[in-house]
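So you can see what is in the structure, the chains are spelled out below.
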Amino acid sequence: MRACMPLIVAMLCSLAWAEDPNEPEPFLELEEETEAPSSHLYSAPSSCRDRCQEAFDRHQPCHCDARCPEFGNCCKDFESLCGHEGFSYSSDAITKEELQSISEKIYRADTNKAQKEDVIINSQNRISPSETRDQVDCCPEPLFTYVNEKLFSKPTYAAFINLLNNYQRATGRGEHFSAQQLAEQDAFLREVMKTAVMKELYAFLHHQNRYSSEQEFVSDLKNMWFGLYSRGNGEEDSSGFEHVFSGEVKKGKVTGFHNWIRFYMQEKEGLVDYYSHIYDGPWDSYPDVLAMQFNWDGYYKEVGSAFIGSSPEFEFALYSLCFIARPGKVCQLSLGGYPLAIQTYTWDKSTYGNGKKYIATAYVVSSTQ
């Protein structure tokens, strides 16, 4: 196992994987990714015709999988043939420009975010993406030096924190919610819907003809985020909220766990040991982004990207926006003038309502420094 070595050459993009576009192996594991269909036997090698969502093949001169935009190795016709999602062939398509515009509005509306003096982090040693599998603790100090816990008394923070102890982190063990826990889900949704952040999101999606009423929108959020499904053994053992915000352990490794509040609280209890990071975002105020390595009470997270200093409603809004507009795709946003991409995956083994899919996971995948 190699010793810790700080990264000298700055990464120009990518929070979670190698800079070499010909090396597709992610340093952030693909969490519950659905299998891509096989490529067409007679596909033109330089085109995405009949190749959309095919599995990566390093022998192809260009690629058509969902992650090729991050590696910059898509075929020239990828966007026109594969880049559409959901309502893309109707007048209700949500364009990249519209996503960037609404994400900037959500960014400006996040008045509940931490101020610079509220959260002080000590990111310490930065490693290269090739070192993330080494499981070496390069940072003797905790990630969080100080957090103003008065933030946690704000209604959305308090409602969010109430949800975090409602889950068993091991997959394969069924989740069973008490009446109190179900009420806490409703309370969280009520509180976030009072915020300017979620009002911006709803107004945008309503204008885009995705939802006819706020009641319909909230009902869909509850199903997509809190609806239970099985990641293993047939038990209803997981949900999008548990996976993304609280974190899970599956097959001996940490999956999900993309929230700074959860990280801080677990670190404070001595359950999280911060090891290193491979990326620190370009923002000079909160929210910022950090991609890090850590041990969670005996289980390792190879790369976990998380917003730092954001309000719960901010993360909830951006992940929801991307899941609704670009389910299972990379979602290109803009925050404070900097580009940022979020990847979501759908849970395809079960559905709710009229065939709608649950959130499997959502996390930040790239930004440009």
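Provided above is the structure to which this section pertains.
Residues numbered from 1 in each chain as written. Predicted model: local features only at pLDDT ≥ 70, side-chain atom pairs only at ≥ 80, totals over all residues. Heavy atoms only, no water.

**Quick notes on the sheet that holds strand S7 (residues 299-308)**
Spatially, three strands are ordered S5-S6-S7 in an open sheet, and the strand pairing comes out antiparallel. Every interior strand has two partners, whereas the edge strands, strand S5 (272-280) and S7, have only one. For this sheet, the mean angle separating the axes of adjacent strands, direction not counted, is 30°. Relative to strand S6 (residues 288-296), S5 is paired through seven bridges, and the arrangement is antiparallel. (Pairing = 2+ DSSP bridges. Helix = DSSP H or I, 4+ residues; strand = E, 2+ residues; numbered from the N terminus. Axes fitted to C-alpha atoms, helices over the stretch in contact; angles between N-to-C directions.)

**A look at helix H4 (residues 155-164)**
Counting buried positions along H4 yields seven of ten residues, so the element is predominantly enclosed. Among the residues making up H4, those that are buried are Thr156, Tyr157, Ala159, Phe160, Ile161, Leu163 and Leu164. Where the residues of H4 are buried, they touch helix H5 (179-193), helix H7 (214-226), helix H8 (240-246), helix H9 (260-268) and helix H10 (312-325). (Buried < 20%, exposed > 50% of the residue type's maximum accessible area, 1.4 Å probe, protein only. Contact = heavy atoms within 4.5 Å.)

**Observations regarding the state of the cysteines**
Following the criterion strictly, the structure yields three disulfides and no others. The disulfide partner of Cys48 is Cys64, and the S-S distance across this bridge is 2.2 Å. Judged by the sign of its S-S torsion, about -100°, the cystine formed by Cys48 and Cys64 is left-handed. Of the two residues, Cys48 sits in the segment before helix H1 (68-71) while Cys64 sits in the segment before H1, which places them 16 residues apart along the sequence. Assessed through its relative accessible area of 1%, Cys48 is described here as buried. (Disulfide = S-S within 2.5 Å.)

**A few points about the nonpolar core**
Ranked by internal contacts, the top residues of the largest apolar core, which has 94 residues, are Phe188, Phe217, Trp225, Phe241, Trp260 and Phe307. Looking at which element gives the most residues to this core, the answer is H10, with ten residues. Sequence-distant contacts of Phe241, defined by excluding residues within four places in its chain, comprise Phe160, Leu163, Leu164, Tyr167, Phe188, Trp225, Phe226 and Ser246. Formed by seven residues, the second largest nonpolar core is a distinct cluster that contains Cys62, Cys64, Cys75 and Cys82. (Core = buried A, V, L, I, M, F, W, Y, C linked by side-chain atoms within 4.5 Å.)

**Considerations on the pairing of S7**
Burial analysis of S7 places nine of its ten residues in the buried class, the great majority of the element. Two elements, S6 and S7, share eight bridges in a ladder whose sense is antiparallel. Note that in S7 the partner of Asp288 across the bridge is Ile308. The loop that links S6 with its antiparallel partner S7 comprises two residues; one of these, Asp297, has a positive phi angle of about 50°.

**Side note on the packing of helix H3 (residues 96-109) against H10**
Running from N to C, H3 and H10 cross one another at 165°; their axes reach a closest spacing of 10 Å. Here H3 is positioned roughly antiparallel relative to H10, judged by the angle of their axes. Between H3 and H10 lies a crossing whose hand is right-handed. Contacts between H3 and H10 involve Leu99, Ile102, Ser103, Ile106 and Tyr107 from the first element and Phe314, Ala317, Leu318, Leu321 and Ala325 from the second. Across the contact of H3 with H10, the residue classes break down as nine nonpolar, one polar and no charged. (Parallel < 35°, antiparallel > 145°, perpendicular 65-115°, else oblique. Left-handed = near helix turned anticlockwise from the far one by under 90°. Nonpolar A, V, L, I, M, F, W, Y, C, P; charged D, E, K, R; others polar.)

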